[in-house]
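Residues per chain are reported as follows:
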Amino acid sequence: QAKVLYQHALRIEEKDYGDNHVGVAATLNNLANVLDNKGDYDQAKVLYQRAVRIFEKHYGEDHVEVASPLSNLANVHQRQGDYDQAKVLYQRAIRILQDHYGEDHVEVSSTLNNLANVLQQQGDHDQAKVLYQRAIRILQDHYGEDHVEVSSTLNNLAN
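Residues numbered from 1 in each chain as written. Predicted model: local features only at pLDDT ≥ 70, side-chain atom pairs only at ≥ 80, totals over all residues. Heavy atoms only, no water.

Caption draft 1: Expanded view of the packing of helix 1 (residues 2–17) against helix 2 (residues 22–37). Close contact between helix 1 and helix 2 brings their axes to 9 Å; oriented N to C, the two are set at 160°. Regarding the angle of helix 1 to helix 2, the classification is roughly antiparallel. In the crossing of helix 1 with helix 2, the sense of the turn from one axis to the other is left-handed. From helix 1, A2, K3, Y6, Q7, A9, L10, E13 and E14 reach across to helix 2, where they touch G23, V24, T27, L28, N30, L31, V34 and L35. (Axes fitted to C-alpha atoms, helices over the stretch in contact; angles between N-to-C directions. Helix = DSSP H or I, 4+ residues; strand = E, 2+ residues; numbered from the N terminus. Parallel < 35°, antiparallel > 145°, perpendicular 65-115°, else oblique. Left-handed = near helix turned anticlockwise from the far one by under 90°. Contact = heavy atoms within 4.5 Å.)

Okay, here's the thing in structure tokens:
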């Protein structure tokens, strides 16, 4: 149902706004999320890439709006086993988020966790541990030590 609704919204937006409008990019990102969750990684990747290009064209390559679809695109590469590309994309998303929010902002923590997952999958356990610990510290500073938001990164570090 969500896929059909996003596709309908996308057709309307492309017709009214054109193919390169930021509203179209946002809908592309949302539709790609649905496809990603259904395991249609190749199509999700195409849509995330298109969303990134539109946001970059409209806002610039280092704008915070680029970070979300960039991180989502990294996630698809990670799921497909392309860890090198996932790493590059996560690193870029982290840089954008840090430049916008600051190094210790909670918005940075989930992408740090995702990059740590990639590093762990590549066998770089020491660097993964450093990133997990940093993400945990950020989350604990923001939510408190015993908040549920901290638990998944604690689980990742334990692995």
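Caption draft 2: Examining helix 5 (residues 83–101) more closely. The end-to-end C-alpha separation of helix 5 is 26 Å, in line with the 27 Å expected for 19 residues at 1.5 Å each. Taken together, the buried residues of helix 5 touch helix 4 (64–79), helix 6 (106–121) and helix 7 (125–143). (Expected span 1.5 Å × (residues − 1).)

Caption draft 3: Quick peek at the environment of Q140. Mapped onto the fold, Q140 is located in helix 7. Taking the relative accessible area as the measure of exposure, Q140 reaches 24% and is therefore partly exposed. Taking the C-alpha atoms as reference points, Q140 and V106, separated by 34 residues in sequence, lie 9.4 Å from one another. Not counting the four nearest positions on each side in its chain, Q140 is found in contact with E145 and V150. (Buried < 20%, exposed > 50% of the residue type's maximum accessible area, 1.4 Å probe, protein only.)

In short, shape yes, function no, at least from these values alone.
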